[in-house]
Amino acid sequence: NAGVTQTPKFQVLKTGQSMTLQCAQDMNHNSMYWYRQDPGMGLRLIYYSASEGTTDKGEVPNGYNVSRLNKREFSLRLESAAPSQTSVYFCASSARGLGETQYFGPGTRLLVL
Amino acid sequence: DQQVKQNSPSLSVQEGRISILNCDYTNSMFDYFLWYKKYPAEGPTFLISISSIKDKNEDGRFTVFLNKSAKHLSLHIVPSQPGDSAVYFCAASANTGGFKTIFGAGTRLFVKA
């Protein structure tokens, strides 16, 4: 049981490049989330998917897109990376939905030059 | 506008003593509160939670207290151990439609041996 896995662990991009962060969970959870963590800001919700086939914006969605590929996988795409998107990105899942205990992946550290 | 505030960025405590981490919130609609613990290079992990219908929840060395009138909660760790050194995030949520879990900025706890 791996829980929540994320790839890659670390990535360096140049401004304007695109990339997709991958996330998968093996706990049969319905809901999945993408957060970013910046110093002094805590965790801020980018997008979430309450169930397979649905996605919704969180607090800071601009510059990102998501795909809930199936129940297990939830990807985050940066179409044109900007230095302001330098951050640590965490994927999380929960059994049913918002407000529940969430299980987090190990994070992806992204540096945009 | 930070709805969940952890005003102490860091806290240093001697091993065996009590650690008290504080959290304030502004939105009276929050009805569920959680604490997460995060080690470097790992994702946050759930520690303990409390519903707004309670004022205390205990799990081993960890106790969370909720003061709804003051919109304040605290996490007590007794006795503190060096392995407790980590960043602790307070989070709050409301189980009404469309509300997200809001995280505080975190408090870094150092437990000295």
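Residues numbered from 1 in each chain as written. Chains lettered and ligands numbered in written order. Predicted model: local features only at pLDDT ≥ 70, side-chain atom pairs only at ≥ 80, totals over all residues. Heavy atoms only, no water.

**Q** Just checking my understanding: could you explain the interface of chain B and chain A for this structure?
**A** It is common to give the size of an interface as the accessible area that goes away when the parts come together. On the side of chain A, 19 residues touch chain B, which itself brings 20 residues to the contact. Summing both partners gives a buried area of about 1,500 Å² for chain B against chain A, and 59% of it is carried by carbon and sulfur. When the buried surface of chain B facing chain A is broken down by residue, P44, K100 and F103 of chain B rank first, second and third, together holding 33% of it. Run the count over chain B and chain A and you get zero salt bridges. The biggest single contributor to the side of chain B that touches chain A is strand β4 (residues 32–38) of chain B, with four residues. (Contact = heavy atoms within 4.5 Å. Buried area = accessible area lost by both parts, 1.4 Å probe. Salt bridge = Lys/Arg side-chain N within 4 Å of Asp/Glu carboxyl O. Helix = DSSP H or I, 4+ residues; strand = E, 2+ residues; numbered from the N terminus.)

**Q** Any chance you could explain the packing of aromatic side chains here in plain terms?
**A** The geometry of two aromatic rings is summed up by the distance between their centres and the angle between their planes. Scanning the model with the defined rule gives 12 aromatic pairs over all chains in all. When the ring of Y25 of chain B is compared with that of F30 of chain B, the centres are 6.1 Å apart and the planes differ by 70 degrees; the resulting orientation is edge-to-face. Across the pair, F30 of chain B and Y25 of chain B agree in class, each one buried. Taken together, the ring pairs in this structure connect Y33, Y35, Y48, F90 and F104 of chain A together with Y36, F46 and F103 of chain B into an aromatic cluster. (Phe/Tyr/Trp six-rings, centres within 6.5 Å; stacked < 30°, edge-to-face > 60°. Buried < 20%, exposed > 50% of the residue type's maximum accessible area, 1.4 Å probe, protein only.)

**Q** Any chance you could explain the environment of T54 of chain A here in plain terms?
**A** Residues and elements named next belong to chain A. Examined against the element boundaries, T54 turns out to sit in the loop between β5 (42–49) and β6 (56–57). Residues T54 and T108 lie 54 residues apart in sequence; the distance between their C-alpha atoms is 23 Å. Discounting residues that sit within four places of it in the chain, T54 has contacts with Y48, S49 and R68. A distance of 2.9 Å separates a polar side-chain atom of T54 from the backbone oxygen of S51. (Polar contact = N/O pair within 3.5 Å; in protein donor to acceptor, adjacent residues only side chain to side chain.)

**Q** I tried to follow the pairing of strand β11 (residues 108–112) of chain A on my own but got confused; where do I start?
**A** Residue and element names in this part refer to chain A. Taking every second residue as pointing to the same face, the buried face of β11 carries T108, L110 and V112, while none of R109 and L111 on the other face is buried. Across four bridges, the pairing between strand β2 (residues 10–13) and β11 is parallel. What sits directly across from F10, in β11, is R109. For strand β9 (residues 87–94) and β11, the ladder comprises three bridges, and the chain directions are antiparallel. Looking at β11, one finds that S87 is bridged to L110. (Pairing = 2+ DSSP bridges.)

**Q** In this structure, what is going on with the nonpolar core? I would like to understand it.
**A** Note on soluble globular proteins: their nonpolar side chains tend to be buried together. Counting residues in each nonpolar core, the largest one holds 24 residues, and the members touching the most others are F33, W35, L73, L75 and Y88 of chain B. Looking at this core, the elements with two or more residues in it are β3 (19–25), β4, β5 (45–51), β7 (62–67), β8 (72–77), β9 (86–93) and β11 (107–112) of chain B. The dominant element in this core, judged by the number of residues it contributes, is β9 of chain B, at four residues. Membership of the second largest hydrophobic core comes to 20 residues, among which are V4, L21, V66 and A81 of chain A. (Core = buried A, V, L, I, M, F, W, Y, C linked by side-chain atoms within 4.5 Å.)

**Q** Help me out: how do you make sense of the state of the cysteines in this one?
**A** Any covalent bond linking the sulfur atoms of two cysteines counts as a disulfide. Residue and element names in this part refer to chain A. A complete count under the given rule lists two disulfides over all chains for this structure. C23 shares a disulfide with C91; S-S distance 1.8 Å. Torsion about the S-S bond of the C23 and C91 cystine: about -70 degrees, corresponding to left-handed handedness. With C23 in strand β3 (residues 19–25) and C91 in strand β9, this pair connects stretches of sequence that are 68 residues apart. Each member of the pair, C23 together with C91, is buried. (Disulfide = S-S within 2.5 Å.)

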